[in-house]
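Notes for the structure review
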Amino acid sequence: MLSIPFVAGLFAVSSFWLGQVNSLTISKRGTCPATNTAAEALASRIQSHYFNIVTGEYSELWTDANTLEDIHTLMLAAGVTTWDSLAGESYIGRVANTGIPSWSTVLDGSYDDAQWIILSLWKIADYQTSQGKSATNYLNAANTIYDIVSAQWDDTTCNGGVWWSSDKNYKNSITNHLYLYTSAEGFNRNSNQTYLDNAEKTWTWLEASGLRNSQGLWNDGLDMTSCANNGQTTWTYNQGVIASGLGALSKANGNTSLPVQAEITLDAAISLLTQDNILKESCDDVTSGGSSCNADQQIFKGVWAKHLAYYLDAVNSATSEAKYSPFLGSLNSAVTHYGVDADGDCSSTWYAANAGGGTYTAQSDASGLAAFNAASKYGPC
């Protein structure tokens, strides 16, 4: 078990946020109206600029799933119905409602993509229920996909874990972090003991896998020859999804040691994967021609923020909320001041003003939206 010391000053906020913190109150509340307004503006830009009503898509399957999840999170938080028809218009929603094509065809052997879709379907179902509409098709689709993923657990290679893809040549952090979360959160939703058993099995494997390094961060995956940590990039989203998974599992089984493990990684991410107290992907560079982040990587920081919020939802701890609220406020201010441009799009880089290196895509906009959603619920207001 790792022991990472608390870093003094870890949550000192960046200069443009510093002047605001003392006047703000961290308290139990719904969501922040001002932040919801900013989120609604960004969601409107996403829908008008990137959503293809013919295909029901924005860009690519897994980031589309996150975008759908985030827009439905926003509608639930803000109490609006602006994008009420989106679920049925989206490609993912169409498949859920018709069964055509089959989920196996849609997933094409990608078991991390599969689980992002589960999370999207759950959030759509939450929204449908809030509006008095049937969520059955979305929940049934999530169950079907979960069973497909569960069948990919393999005890033979590296003593366990879910394969990243049907090629069965890689076991990585994100697929198994997601499986921890979908299993534990699934149990919290449906009380199916199999889901809880799977979550506990997954954490036991993850804890022994070597995927978490001596800094408390999770590397990308395993070397499939040695089954050792491959030392590849510690992407921000991995550090968030493990926390939401551990939070959900703690809620499910009452194990109070799990939030401690989650916060080892959250604290390490805030200490080591930031610049000026703002999340910074290793490929981020605000300077002209500098950023090398691909479309997938442009959404990672928002996924981290979203899953920090999910972690806080699960542990329901005033202490943890107070601990992470200033950092979410710092992200909120960074996205507002450094990320969003005159057209209403959000840059892929947040840690400083864009100087030509940031990019503006469906993924970067979704990332900013996720950060707004998390800050609206748990940041200062």
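- You'll find the protein entered in an unreviewed UniProt entry as Glycoside hydrolase family 76 protein, with Athelia psychrophila given as the organism.

1. Let's talk about the nonpolar core
- Ranked by size, the top nonpolar core spans 110 residues in total, and within it W103, W116, L121 and W304 carry the most contacts.
- For this core, the leading source of residues is helix α7 (residues 111-130), giving eleven residues.
- Apart from the residues within four sequence positions on either side, W103 is in contact with I92, V95, A96, I117, L121, A141, T144, I145 and I148.

2. Some remarks on the state of the cysteines
- With the rule as written, the count across this model stands at three disulfides.
- The disulfide partner of C32 is C381, and the S-S distance across this bridge is 2.1 Å. Looking along the S-S bond of the C32-C381 disulfide, the torsion reads about 75°, which is the right-handed sense. Pair noted here: C32 is in the loop between α1 (15-21) and α2 (33-49) and C381 is in the segment after α15 (362-378), with a separation of 349 residues, a long-range link.
- By relative accessible area, which is 39% here, C381 ends up partly exposed.
- Cysteine pairing for the protein (bonded cysteines numbered in sequence order): 1-6, 2-3, 4-5.
- Between C346, a cysteine without a disulfide, and C293, which holds the nearest cysteine sulfur, the sulfur-to-sulfur distance is 13 Å.
- Assessed through its relative accessible area of 0%, C346 is described here as buried.

3. Brief notes about the packing of aromatic side chains
- This structure, assessed with the given rule, holds 15 aromatic pairs.
- The interplanar angle of 20° and the centroid separation of 5.6 Å between the aromatic rings of Y146 and Y179 together place this pair among those described as stacked. Taken together, the residues span a long stretch of sequence, with Y146 in helix α8 (residues 136-150) and Y179 in helix α9 (residues 173-190) at a distance of 33 residues.
- For Y146, a relative accessible area of 2% translates into the label buried.
- Considering the side-chain rings of Y181 and Y310, the 6.0 Å spacing of their centres and the 10° angle between planes classify their relative orientation as stacked. With Y181 in helix α9 and Y310 in helix α13 (residues 300-315), this pair connects stretches of sequence that are 129 residues apart. Residue Y181 shares its accessibility class with Y310, and that shared class is buried.

4. Observations regarding the pattern of salt bridges
- The full count for this structure, using the stated rule, is eleven salt bridges.
- The salt bridge involving D84 is made with K133; its shortest N-O contact spans 2.5 Å. Residue D84 is found in the loop between α3 (61-78) and α4 (86-89), and its partner K133 is found in the loop between α7 and α8; the two are separated by 49 residues along the sequence.
- For D84, a relative accessible area of 24% translates into the label partly exposed.
- Through salt bridges with shared partners, one network takes in E69, D70 and K306.

5. Points about the side chain of T265
- Its place among the elements puts T265 in helix α12 (residues 258-272).
- In contact with T265, other than residues within four places in its own chain, are R212, G216, L217, W218, Q239 and I242.

6. A short note on the environment of Q239
- Tracing the chain through its elements places Q239 in helix α11 (residues 236-253).
- With relative accessibility at 0%, the residue Q239 sits in the buried group.
- Along the primary structure Q239 and I264 are separated by 25 residues, whereas in three dimensions their C-alpha atoms are 9.7 Å apart.
- For Q239, the contacting residues outside a window of four places in its chain are L217, W218, T234, T265, L266, A269, L273 and W304.
- There is a polar contact of 2.8 Å between the side chain of Q239 and the backbone nitrogen of W218.
- A polar atom in the side chain of Q239 sits 2.9 Å from the backbone oxygen of W235.

Rules used in this analysis
Starting from 1, residues in each chain are numbered consecutively following that chain's sequence as written. Local features in this predicted model are restricted to residues whose pLDDT is 70 or higher, and side-chain atom pairs enter the listing and the counts only when it is 80 or higher, whereas totals over whole chains, interfaces and linings include all residues. Where side-chain values are given, they derive from all heavy atoms of the structure, hydrogens and water being excluded. Take the buried residues of types Ala, Val, Leu, Ile, Met, Phe, Trp, Tyr and Cys, join any two whose side-chain atoms come within 4.5 Å, and each joined set is a nonpolar core. Buried, partly exposed and exposed residues are distinguished by accessible area as a fraction of the type maximum, computed with a 1.4 Å probe on protein chains only: under 20%, between the cut-offs, and over 50%, respectively. Segments assigned H or I by DSSP are reported as helices when at least four residues long, segments assigned E as strands when at least two residues long, and all are numbered from the N terminus. For this analysis, residues touch if any pair of their heavy atoms sits within 4.5 Å. Note that a disulfide, as used here, is simply two cysteine sulfur atoms within 2.5 Å. For Phe, Tyr and Trp, where Trp contributes only its six-membered ring, two rings pair if their centres lie within 6.5 Å, and the inter-plane angle classes them as stacked under 30 degrees, edge-to-face over 60, or tilted in between. Every case where a carboxyl oxygen of Asp or Glu lies within 4 Å of a side-chain nitrogen of Lys or Arg is listed as a salt bridge. In the analysis that follows, any N or O atom pair within 3.5 Å is treated as a polar contact, provided that within protein one partner can donate a hydrogen and the other can accept it, and provided that, for residues neighboring in sequence, both atoms belong to side chains.

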